[in-house]
Amino acid sequence: MSQMNIYKKIKEAVESIQKQTQLQPEIGLILGSGLGPIAEHVTDATTISYSQIPHFHNPSVEGHAGKMIIGKMNQVPVVLLQGRFHLYEGHSMEDVVFPTRTICGLGIHTLVLTNAAGGVNTRFRPGDIMFIEDHLNLMGDNPLKGPNLSQLGPRFPDLSEAYHRGCLDAFKKTAEELKISFQTGTYAGLLGPTYETPAEVRMLRTLGADAVGMSTVPESIAANHLGVRVAGLSCITNLAAGLSPHKLSHQEVIDTSAQTADQMKTLILSTLPKLTHKGPVKA
Ligand code: HPA
């Protein structure tokens, strides 16, 4: 696929979405496994199925729908992606980040990424919310590999603040105000689809990871490339392999994140106004 092609595809997707709504979203949200119900809090919603958007694929994983929702959350114009693409599904990195690039193309200035993750830090418990401070890209791939799309961003993007400090502080402040407890830490993104071995989890801890998952890193890189501020929230759905006596299952991941969805929703709804250009956080 030529680089002009990708740019043209993003433009086509953006234009087809803009034909369906007048609303100009300011903030994007990508909802992880089990967190889809957060979309129920969007008012004046325009819902577009991925199958109606040019060049979008359909997610194949249970717990991931396949809808874009544009509307308002707590008065803030937002675009939500309910369902994401993972590298382990066999998609190329370019396809994995296509929805991210599309919502950035709609003009958002901030992207909130949510995910379900395993707790590598031994102090973490299932149901904890971790604000992502940084990531480890251990996927063995990068969405910016190949010729640089100079229309999108620079060849060598700086990632020294891949998770925007101002956005992180806004989430921490809201959590403190609402007395919602939280963790902070480094998210390790792995290819999957196998969960890790206990030895891999020990390795991840040595490398400085606090949580592990199979998403978020590509989207964060693509958004940073485009100059969009990124915030990341992990729902710690399980203790990573070797830390608990029972085996890991996708059902446990879905169930725990569904139980945490309410708190996540409260946190996100209350933080959104702080992330707008009118709010205290500046790029
Ligand atoms: N490992 C990788 N990805 C995950 C996990 C895990 O333990 N839990 C939820 N997503």
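Quick caveat, the model's predicted, so the values are computed rather than measured. (Residues numbered from 1 in each chain as written. Predicted model: local features only at pLDDT ≥ 70, side-chain atom pairs only at ≥ 80, totals over all residues. Heavy atoms only, no water.)

**So, the pattern of salt bridges**
Opposite charge on two side chains makes pairing possible when the charged atoms of those side chains draw close. Inspection of every chain in the model, using the stated rule, returns five salt bridges. Between Glu 177 and Lys 173 there is a salt bridge, with its nearest N and O atoms 3.1 Å apart. Note that Glu 177 and Lys 173 are positioned in helix 4 (residues 165–177) at a spacing of four residues, about one turn of the helix. Glu 177 sits in the partly exposed class, given a relative accessible area of 47%. (Salt bridge = Lys/Arg side-chain N within 4 Å of Asp/Glu carboxyl O. Helix = DSSP H or I, 4+ residues; strand = E, 2+ residues; numbered from the N terminus. Buried < 20%, exposed > 50% of the residue type's maximum accessible area, 1.4 Å probe, protein only.)

**Remarks on the packing of aromatic side chains**
For any pair of aromatic rings, the description rests on two quantities: the centre-to-centre distance and the angle between the ring planes. For the structure on display, the rule yields five aromatic pairs. What links up through ring pairs into an aromatic cluster is the set Tyr 50, Phe 56, Phe 85 and Phe 98. (Phe/Tyr/Trp six-rings, centres within 6.5 Å; stacked < 30°, edge-to-face > 60°.)

**Here's the deal with the environment of Phe 171**
Relative to the assigned elements, Phe 171 resides in helix 4. Between the alpha carbons of Phe 171 and Asn 74 there is a distance of 15 Å; along the sequence they are 97 residues apart.

**Overview of the nonpolar core**
Formed by 45 residues in total, the largest nonpolar core has its most connected members in Ile 53, Phe 56, Met 68, Ile 103, Leu 106 and Leu 111. Among all residues touching Ile 53, those that are not within four sequence positions of it are Ala 13, Ser 16, Ile 17, Ile 48 and Met 68. The next biggest cluster of nonpolar side chains, apart from the first, holds 31 residues, and it includes Leu 35, Leu 168, Ile 180 and Cys 235. (Core = buried A, V, L, I, M, F, W, Y, C linked by side-chain atoms within 4.5 Å. Contact = heavy atoms within 4.5 Å.)

**Points about the site of the ligand**
Taken together, Ala 116, Ala 117, Gly 118, Tyr 195, Glu 196, Val 212, Gly 213, Met 214, Thr 237, Asn 238, Leu 248 and Val 253 make up the full set of residues near the ligand. Contacts to the ligand include Glu 196, whose side-chain N or O atom sits 2.8 Å from a nitrogen atom. Here Asn 238 contributes a side-chain N or O atom positioned 2.7 Å from a nitrogen atom of the ligand. Calculation on the ligand without its partners gives an accessible area of 260 Å², and the protein chains cover 95% of this total. Mapped onto the shell around the ligand, the elements with two or more residues apiece are strand 5 (110–119), strand 8 (211–213) and strand 9 (229–239). Ranked by residue count, the leading element in the shell around the ligand is strand 5, at three residues. (Near = heavy atom within 4 Å. Polar contact = N/O pair within 3.5 Å; in protein donor to acceptor, adjacent residues only side chain to side chain. Areas by Shrake-Rupley, 256 points an atom, 1.4 Å probe, with all protein chains shown as cover.)

**Remarks on unusual backbone geometry**
Here the amide bond leading from Gly 192 into Pro 193 is cis, since omega sits at 0°, within 30 degrees of zero. Within the secondary structure layout, Pro 193 lies in the loop between strand 7 (183–190) and helix 5 (198–207). Its identity as a non-glycine residue notwithstanding, Gln 75 has a phi of 75°, on the positive side. Structurally, Gln 75 is set in the loop between strand 3 (67–73) and strand 4 (76–82). Although it is not a glycine, Thr 216 adopts a positive phi angle of roughly 70°. Tracing the sequence through the fold places Thr 216 in the loop between strand 8 and helix 6 (217–225). Taking the relative accessible area as the measure of exposure, Thr 216 reaches 0% and is therefore buried.

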